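Breakdown of the fold
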Amino acid sequence: MGWASGYIEKLRAGETVSFRPRGSSMSGKIESGQLCTVAPVDPATLKVGDIVLCKVRGREYLHIVKAIQGQRFQIGNNRGHINGWISAGAIFGRCIKVEG
């Protein structure tokens, strides 16, 4: 169980969720503690630059889609770090709003 497990369950059930992630890895796009709204998403509609709630190697992230190769998505933060490649099934929602 990671920090986002409860939100992932709700997204899988078709609900939109809001939460305040902590940390500086997304600084410049999402500051620590800002309110983020994440909605369920069809991975086929994702584009490079979208911010997604996903799981990479067992860890949950609200990070950026850096590249797409068919059904694979490269995930990274806003500071140049790449988390890795994941399948569409490891993406649970897209961030649709960030507010103070």
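Please read these numbers as outputs of a predicted model, since none were measured by experiment. (Residues numbered from 1 in each chain as written. Predicted model: local features only at pLDDT ≥ 70, side-chain atom pairs only at ≥ 80, totals over all residues. Heavy atoms only, no water.)

Some details on the pairing of strand S3 (residues 51–56)
Most of S3 is tucked away, with five of its six residues classed as buried. Examined bridge by bridge, S3 and strand S4 (residues 59–69) share six bridges and lie antiparallel to one another. By the bridge assignment for S4, Leu 53 is matched with Leu 62. In sequence, S3 turns back onto S4 through a hairpin of two residues, with Arg 57 there showing a positive phi of about 50°. Examined bridge by bridge, S3 and strand S7 (residues 91–99) share three bridges and lie antiparallel to one another. Counterpart to Leu 53 in the pairing with S7 is Gly 93. (Buried < 20%, exposed > 50% of the residue type's maximum accessible area, 1.4 Å probe, protein only. Helix = DSSP H or I, 4+ residues; strand = E, 2+ residues; numbered from the N terminus. Pairing = 2+ DSSP bridges.)

A few points about the sheet that holds S7
Picture the strands of a sheet paired through backbone hydrogen bonds; they go either parallel or antiparallel. The seven strands lie next to each other as S1-S2-S7-S3-S4-S5-S6, forming an open sheet whose pairing is antiparallel. Edge positions in the open sheet fall to strand S1 (17–19) and strand S6 (82–87), since each of these has one partner strand only. Strand-to-strand, the axes of this sheet are offset by a mean angle of 40°, without reference to chain direction. In terms of strand pairing, S1 meets strand S2 (residues 35–39) through three bridges, oriented antiparallel. Pairing of Val 17 across the sheet is with Val 38, part of S2. Sitting on the sheet, helix H1 (residues 5–12) touches S1, S2, S3, S4 and S7, and the angle it makes with S1 is about 160°. (Axes fitted to C-alpha atoms, helices over the stretch in contact; angles between N-to-C directions. Contact = heavy atoms within 4.5 Å.)

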